[in-house]
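Here's the letter readout for the chains.
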Number of protein chains: 2
Amino acid sequence: MQLSNTSKYAIRILSYMARQEHEYVHKSNELAQSLDISYKFLTKIMTELVKGEFILSIRGREGGFQLNHPASSITILDILKHFQELTDFHTCILGNGACNPHKKCILHDKWASPRQEIKNMFATTTIDIVNSGDFKL
Amino acid sequence: MQLSNTSKYAIRILSYMARQEHEYVHKSNELAQSLDISYKFLTKIMTELVKGEFILSIRGREGGFQLNHPASSITILDILKHFQELTDFHTCILGNGACNPHKKCILHDKWASPRQEIKNMFATTTIDIVNSGDFKL
DNA sequence: TTTAAATTCTACCAAAAAGTAGTAATTAAA
DNA sequence: TTTAATTACTACTTTTTGGTAGAATTTAAA
Ligand code: SF4
Ligand code: SF4
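Remember, predicted model here, so these are calculated numbers, not experimental data.

Asker: Could you give an account of the overall build of chain A, with specific residues and numbers?
Answerer: Looking only at helices and strands, one finds 5 helices and 2 strands in chain A. Taken from N to C terminus, the helices and strands of chain A fall in the order α-α-α-β-β-α-α. Buried positions account for 45% of the 137 residues belonging to chain A. Summed over all atoms, the accessible surface of chain A reaches about 7,000 Å², with 47% contributed by carbon and sulfur.

Asker: Let's hear about the protein's contact with DNA strand C: which residues, and what values?
Answerer: Taken together, 23 residues lie around DNA strand C, and Ser57 of chain A together with Ser38, Lys40, Lys44 and Gly60 of chain B are the ones closest in. Each atom of DNA strand C within 4 Å of the protein belongs either to a base or to sugar and phosphate, the latter forming 62%. One of the side-chain nitrogen or oxygen atoms of Lys27 of chain A is found 2.9 Å away from a phosphate oxygen of DNA strand C. Here a base nitrogen of DNA strand C and a backbone polar atom of Arg61 of chain A are 3.5 Å apart. Going through the elements one at a time, α3 (39–51), β1 (55–58) and β2 (64–67) of chain A together with α1 (5–17) and α3 (39–51) of chain B are the ones with two or more residues in the surface near DNA strand C. Among the residues making up the surface near DNA strand C, the classes are represented as 5 nonpolar, 11 polar and 7 charged.

Asker: If you had to explain the side chain of His26 of chain B to someone new, which residues and values would you point to?
Answerer: All names here are of chain B. Within the element layout of this structure, His26 appears in the loop between α1 and α2 (28–35). At a separation of 3.4 Å, a polar atom in the side chain of His26 contacts the main-chain carbonyl oxygen of Met17. Among residues more than four places away in sequence, those in contact with His26 are Tyr16, Met17, Gln20, Leu31, Gly64 and Phe65.

Asker: Describe the protein's contact with DNA strand D, and please don't skip the residues or the numbers.
Answerer: Taken together, 22 residues form the shell around DNA strand D, and within it Asn5, Ser38, Lys40 and Lys44 of chain A together with Ser57 of chain B come nearest. Contact between DNA strand D and Thr6 of chain A: a phosphate oxygen at 3.1 Å from a side-chain N or O atom of the residue. Going through the elements one at a time, α1 (5–17) and α3 of chain A together with β1 (55–58) and β2 (64–67) of chain B are the ones with two or more residues in the surface near DNA strand D. Tallied by class, residues from the surface near DNA strand D come to 5 nonpolar, 10 polar and 7 charged.

Asker: A description of the pairing of β2 of chain A should follow, citing residues and the corresponding values.
Answerer: Residues and elements named next belong to chain A. Burial along β2 is two-sided: Gly64 and Gln66 facing one way and Phe65 and Leu67 facing the other are all buried. Judged from the 4 bridges that link them, β1 and β2 form a sheet pairing that is antiparallel. Counterpart to Leu56 in the pairing with β2 is Gln66. The hairpin turn running from β1 into β2, its antiparallel successor, is 5 residues long, and Gly60 in that turn takes a positive phi close to 80°.

Asker: Describe in detail the packing of helix α2 (residues 28–35) of chain A against α3 of chain A, supporting the description with residues and values.
Answerer: All names here are of chain A. Interhelical geometry of α2 versus α3 gives an angle of 120° and a closest axis separation of 9 Å. Crossing hand, α2 versus α3: right-handed. Here Ser28, Asn29, Leu31 and Ala32 of α2 come into contact with α3, specifically with Tyr39, Leu42, Thr43 and Met46. Each residue belonging to the contact of α2 with α3 can be placed in one class, and the counts come to 5 nonpolar, 3 polar and no charged.

Asker: Let's hear about the nonpolar core: which residues, and what values?
Answerer: Membership of the largest hydrophobic core comes to 80 residues, with the highest contact counts inside it found for Ile13 and Leu49 of chain A together with Ile13 and Leu49 of chain B. Discounting residues that sit within four places of it in the chain, Ile13 of chain B has contacts with Leu35, Ile37, Leu42, Ile45, Met46 and Leu49 of chain B.

Asker: Account for α2 of chain A, with residues named and values stated.
Answerer: Residues and elements named next belong to chain A. Turning to α2, its buried residues number three or more, namely Ser28, Leu31, Ala32 and Leu35. Mapping the buried residues of α2 onto a view down its axis gives an arc of 100°, with all of them on the same face. Of the surrounding elements, those touching the buried residues of α2 are α1, α3 and β2. Looking at the residues trailing α2, positive phi occurs at Asp36, about 55°.

Asker: Could you give me a rundown of the packing of α1 of chain B against α3 of chain B, with the residues and numbers involved?
Answerer: A pair of packed helices is captured by two measures, namely the crossing angle of their axes and the spacing between those axes. Residue and element names in this part refer to chain B. Where α1 meets α3, the closest approach of the two axes is 10 Å, and the angle between their N-to-C directions is 75°. With respect to α3, the axis of α1 lies roughly perpendicular. Mapping the contact onto sequence places Thr6, Tyr9, Ala10, Ile13, Leu14 and Met17 in α1 and Phe41, Leu42, Ile45, Met46 and Leu49 in α3. Of the residues contributing to the contact of α1 with α3, the split by class is 10 nonpolar, 1 polar and no charged.

Asker: How would you summarise the packing of aromatic side chains if you had to cite specific residues and measurements?
Answerer: Residue and element names in this part refer to chain A. Per the stated rule, a full pass over the model turns up 2 aromatic pairs over all chains. Aromatic side chains Tyr9 and Phe41 sit 5.7 Å apart centroid to centroid with 80° between the ring planes, which places their arrangement in the edge-to-face category. Note that Tyr9 is positioned in helix α1 and Phe41 in helix α3, a separation of 32 residues in sequence. The partly exposed category is assigned to Phe41, whose relative accessible area is 30%.

How each quantity is defined
- Residues numbered from 1 in each chain as written.
- Chains lettered and ligands numbered in written order.
- Predicted model: local features only at pLDDT ≥ 70, side-chain atom pairs only at ≥ 80, totals over all residues.
- Heavy atoms only, no water.
- Helix = DSSP H or I, 4+ residues; strand = E, 2+ residues; numbered from the N terminus.
- Buried < 20%, exposed > 50% of the residue type's maximum accessible area, 1.4 Å probe, protein only.
- Areas by Shrake-Rupley, 256 points an atom, 1.4 Å probe, with all protein chains shown as cover.
- Near = heavy atom within 4 Å.
- Polar contact = N/O pair within 3.5 Å; in protein donor to acceptor, adjacent residues only side chain to side chain.
- Nonpolar A, V, L, I, M, F, W, Y, C, P; charged D, E, K, R; others polar.
- Contact = heavy atoms within 4.5 Å.
- Pairing = 2+ DSSP bridges.
- Axes fitted to C-alpha atoms, helices over the stretch in contact; angles between N-to-C directions.
- Left-handed = near helix turned anticlockwise from the far one by under 90°.
- Core = buried A, V, L, I, M, F, W, Y, C linked by side-chain atoms within 4.5 Å.
- Arc of directions from axis to C-beta.
- Parallel < 35°, antiparallel > 145°, perpendicular 65-115°, else oblique.
- Phe/Tyr/Trp six-rings, centres within 6.5 Å; stacked < 30°, edge-to-face > 60°.

As structure tokens, then:
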């Protein structure tokens, strides 16, 4: 019952970027330091985020990354989907094969409601949740 | 957002055992076949379940395993705890360091309620949920 | 035009989880 | 007492995830 580190970092990176004005150009170096993520691993994730069209990259000197969409339009669910953590909402919990309502796994009925609540939460939470205050980065 | 395979199997094994009368002696071979889990991997998990005192082992010929407690008293949460998946309910979601209410991660407030619902669900669901019907094993 | 500061690419290494193999130990039946 | 059926133990292999190294590419500033 955990998100992968990659997803966790992606969420933290994007929400951190959302704290600055939209045009701000974020550099990997800066992000890695601020978020305390290894520079090498961070750049790997940045590349993924570019491919996922969450961010734009500006190459070369004075380059960096910008959000590609308004922060208020990027949900946590969007991020999780891109890192394939959505599938868990389909084949979930005991995940024995494809889900078939005629042959449910034993937890299905109990799990349905929490699962929906989580999904809603992820779907309605955007990366601009926080712009100030004592939050971890 | 997934349980480990080990946890999934453990849940399936115990709930399967709970379908028989309490005294029934389950053999690894039988369980592996019925549940379609590799025999070798299953026996590894059975050893863990013995150590966790979920089941009793009877060694030697005609040996096998029995539930160590009434099925109605073993919760899913008990099982997850033993396989260390409980920690996620403390250090959860973005899991950056120990949780400090004065320095929350950005998802804390949104996550609190779904998390509680999941935990309650796991805490109130016992392995005897199902004794018949078209359920996956 | 050269150079420095940045992203990108390719390839590798490490750790954890999942799964397998083989053998030793145990015990009841034959 | 021998043997077959079972669990327990030790050690390995494979797969996935997490993480690192180094060079190539791009681009604006100097
Ligand atoms: S039966 Fe329900 S709980 Fe089980 S894997 Fe399918 S969707 Fe998930
Ligand atoms: S602040 Fe809340 S959501 Fe974040 S890791 Fe701690 S308990 Fe989990």
